[in-house]
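Architecture at a glance
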Amino acid sequence: MHRLRDFCNTSYPEEPLYLQYSITLKVQRFFTTLRSVQNDTFGLFGQPRIQGRSRTYNRTIHVLAVFLFLILVVVSQAFSQPFTREIETIPVIVYNDTIAQPFAGGVDAPNHRFVDIDGDNDFDLFIFDADQNVDFYRNEGTPQQAELKLRPNELTLPRFTAWFLFVDLNGDATIDFLSDNGGNSISYYPNTGTQQNPVFTLQDSTMLDTSGSPIINGYIGIPTFADLDGDNDYDFYASNFDGSITLYENIGTHVSPSFRYADGRFQGVVIVNDSCLKDGASAIPGKNALHGGSILQLADINGDSAQDLIMGDLNSQRLFLLPNNGNSNTPLLQCSNESFPPDGSLHTSGYNQPNLVDIDGDDDLDLFIGGFINMGPNNMQRRSFWFYENIGVASTPIYQL
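1. Structural notes on the overall build of the protein chain
Secondary structure summary: the protein chain contains 3 helices and 22 strands in total. Looking at the protein chain residue by residue over its 401 residues, the buried ones come to 44%. Expressed as a percentage of contacts within the protein chain between residues at least 6 apart in sequence, the contacts between residues at least 24 apart total 46%. Roughly 20,400 Å² of accessible area belongs to the protein chain as shown, and the carbon and sulfur atoms make up 54% of that amount.

2. Re the sheet that holds strand β11 (residues 235-239)
On the basis of which strands lie adjacent, the open sheet formed by 4 strands has the order β10-β11-β12-β13 and antiparallel pairing. Each of the sheet's edge strands pairs with one partner strand only, and the pair in question is β10 (224-226) and β13 (259-263). Averaged over all pairs of adjacent strands, the angle between their axes in this sheet comes to 30°, without regard to strand direction. Two elements, β10 and β11, share 3 bridges in a ladder whose sense is antiparallel.

3. Let's talk about the side chain of Asn 139
If you trace the backbone, Asn 139 turns up in strand β5 (residues 134-139). A polar atom in the side chain of Asn 139 sits 3.1 Å from the backbone oxygen of Phe 123. A distance of 2.9 Å separates a polar side-chain atom of Asn 139 from the backbone nitrogen of Gly 141. With sequence-adjacent residues up to four places away left out, Asn 139 is seen in contact with Asp 120, Asp 122, Phe 123, Asp 124, Gln 145, Ala 146, Glu 147 and Leu 148.

4. Focus: the pattern of salt bridges
Across all of its chains, the model carries 7 salt bridges by this definition. Put simply, Arg 138 and Glu 154 hold a salt bridge, and the shortest N to O gap is 2.8 Å. Residue Arg 138 is located in strand β5, and its partner Glu 154 is located in the loop between β6 (148-150) and β7 (164-167); the two are separated by 16 residues in the primary sequence. Classification of Glu 154 as partly exposed rests on a relative accessible area of 43%. Each of Glu 88, Glu 140, Lys 149 and Arg 151 takes part in salt bridges that share partners, so that together they form one network.

5. Things to note about unusual backbone geometry
Note the cis peptide between Phe 340 and Pro 341, where omega equals -5°. Following the sequence through the fold, Pro 341 ends up in the loop between β18 (319-322) and β19 (352-357). Within the chain, Asp 363 stands out as a residue other than glycine whose phi angle is a positive 65°. Within the secondary structure layout, Asp 363 lies in the loop between β19 and β20 (366-371).

Calculation criteria
- Residues numbered from 1 in each chain as written.
- Predicted model: local features only at pLDDT ≥ 70, side-chain atom pairs only at ≥ 80, totals over all residues.
- Heavy atoms only, no water.
- Helix = DSSP H or I, 4+ residues; strand = E, 2+ residues; numbered from the N terminus.
- Buried < 20%, exposed > 50% of the residue type's maximum accessible area, 1.4 Å probe, protein only.
- Contact = heavy atoms within 4.5 Å.
- Areas by Shrake-Rupley, 256 points an atom, 1.4 Å probe, with all protein chains shown as cover.
- Pairing = 2+ DSSP bridges.
- Axes fitted to C-alpha atoms, helices over the stretch in contact; angles between N-to-C directions.
- Polar contact = N/O pair within 3.5 Å; in protein donor to acceptor, adjacent residues only side chain to side chain.
- Salt bridge = Lys/Arg side-chain N within 4 Å of Asp/Glu carboxyl O.

Structure follows, in structure tokens:
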């Protein structure tokens, strides 16, 4: 798994690796100069400062301006060169180690999702980065040996602002796309294409609950869909700004979802700074009572068929693991203030996004973490994407950086 460790743990912030020549700046400067000339020649409200000869002079200036502009366009086109972005064809060797995809640009605060977007039974990767662009990494390896290769412009997602999810919300065995709608609600794009060639078509720009109100997610939080109650459909879990969780229960079916607002303080859980509280418990002494949006991920960490909750909080530099001590039909989340991953090796500036996926096909969940808050030099992070391989088993995970 050394390639994945190279990809994640030594990722660097994005930097401009190639430039395209553009005449836009030239045109802007040209018209700025032209306006300056006009302002010198014309008085208030465009009236000429003097009569007679100045009018002829102004017409001459306009004709000359158009002529020079046309020359500028022709010359720029004549000397412009086509550019092709090279990501991995030029070898780069550092300390006798060949760098994979040396011109991919790096990552900085990666909001990431793994999904089999092309139906070939391995996980591909999408990263929504600090530059507000989405990068697509196609897995050109196998389910056992991932080879994530940046492939610009191969697949375009619908526009969004803060977060995105992939889930088969309508039970047709194809992955659908959901995202923020530019505010604190949800847009829904069902896949009208196929498993191999998805086409995400807008159905709801703002999803509504059964009362006709918008389904709300805390603006700076990232929600999740999961089946915690074992009824074979997806419910919606959203973070709140006070550190709690809202549940919208799916009272429809797995092919026709219908979401009812069910609980604004799910399981009594609240994350306050570095404290996980439940049912009105007090914060850990000495900790500041800070709270904020959270990033939610539900997955079966210990192989007992009950999904556990992993949370990254705005004001915490670690992750919270809330084990599910109930069962696959009746969840019972328990707070824990122990570090996760347990070896304490995670060091970011905070607001960490967890993703658990079996990236190496060994039937246990590996852990990826993206750190969202940038506190490094020039407001960039040098280590913002972390990969922990599960070298244990599904029932007893051991995460190795």
